[in-house]
Amino acid sequence: MSRLENIYQSDLPHRAIVVYMYLSDRAGQEGQCFPSVPTIARQTHLAQNTVRRAIEDLSEAGFINVTERQRPNGATSSNLYTLTNAEPGW
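Throughout what follows, the structure given in this document is the object of discussion. (Residues numbered from 1 in each chain as written. Predicted model: local features only at pLDDT ≥ 70, side-chain atom pairs only at ≥ 80, totals over all residues. Heavy atoms only, no water.)

What follows is about the overall build of the protein. Summing up its helical and strand segments, the protein has four helices and three strands in all. Taken from the N to the C terminus, the helices and strands of the protein come in the order α-α-β-α-α-β-β. Against the 2.2 N^0.38 benchmark of 12 Å for 90 residues, the protein shows a C-alpha radius of gyration of 13 Å, consistent with a compact globule. Structurally, the protein occupies a C-alpha span of about 45 × 30 × 20 Å along its principal axes. The buried share of the protein, taken over its 90 residues, is 36%. In the protein, of all internal contacts separated by at least 6 residues, the share reaching a separation of at least 24 is 52%. For the protein, the accessible surface area stands at approximately 5,600 Å², while carbon and sulfur atoms represent 46% of it. Between the centroid of the 8 positive side chains of the protein and the centroid of its 9 negative side chains there is a distance of 12 Å. (Helix = DSSP H or I, 4+ residues; strand = E, 2+ residues; numbered from the N terminus. Rg over C-alpha atoms; globule rule 2.2 N^0.38 Å. Buried < 20%, exposed > 50% of the residue type's maximum accessible area, 1.4 Å probe, protein only. Contact = heavy atoms within 4.5 Å. Areas by Shrake-Rupley, 256 points an atom, 1.4 Å probe, with all protein chains shown as cover. Lys, Arg positive; Asp, Glu negative; His and termini not counted. Charge placed at Lys NZ, Arg CZ, Asp CG, Glu CD.)

As structure tokens, this is what we get:
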């Protein structure tokens, strides 16, 4: 089964599928990546609010886990996105 097959068969909106494909393309072998919302928006040609809604859709549907990150000085950083159906050897 393709790692994207579940997302294609889901009832998620197109925005969520596009963002999931983007995160999947950026994820390393552990199924994790940490692009910023502005970066995702710019590279997918979606509005930042649309990307935020897509991330929420994906998280609620269980396709990703979102972990907030902070810099050593306490400032916020981009989130860590973990694909929940990541397979070893991607």
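Read on for the rest.
A few words now on the nonpolar core. In this structure, L23 and L58 are the most contacted members of the largest nonpolar core, which totals 22 residues. If you list the elements that add at least two residues to this core, you get α2 (14-26), α3 (37-44), α4 (48-61) and β3 (80-83). Counting residues per element, this core draws most heavily on α2, at six residues. Setting aside its immediate chain neighbours within four residues, L58 contacts I7, L12, A16, V19, Y20, F63 and I64. (Core = buried A, V, L, I, M, F, W, Y, C linked by side-chain atoms within 4.5 Å.)

Now for the pattern of salt bridges. Taken as a whole and judged by the stated rule, the model has two salt bridges. The closest approach of N and O atoms between D57 and R15, which form a salt bridge, is 2.9 Å. Placement of the pair is D57 in helix α4 and R15 in helix α2, with a sequence separation of 42 residues. Taking relative accessible area as the criterion, D57 reaches 16% and is therefore assigned buried. Take R15: its relative accessible area is 27%, and that puts it in the partly exposed class. Residue D25 pairs with R26 through a salt bridge whose shortest N-O separation is 2.4 Å. Classification of D25 as exposed rests on a relative accessible area of 54%. (Salt bridge = Lys/Arg side-chain N within 4 Å of Asp/Glu carboxyl O.)

On to the sheet that holds β3. An order of β1-β3-β2 is seen for the three strands of this open sheet, with the pairing classed as antiparallel. Here the strands that pair on one side only, and so sit at the sheet edges, are β1 (32-33) and β2 (64-67). Of the pairings in the sheet, the one linking β2 to β3 comprises four bridges and is antiparallel in character. Bridging across to β3, V66 finds its partner in Y81. Across the sheet, α4 touches β2 and β3, and the angle it forms with β2 is around 115°. (Pairing = 2+ DSSP bridges. Axes fitted to C-alpha atoms, helices over the stretch in contact; angles between N-to-C directions.)

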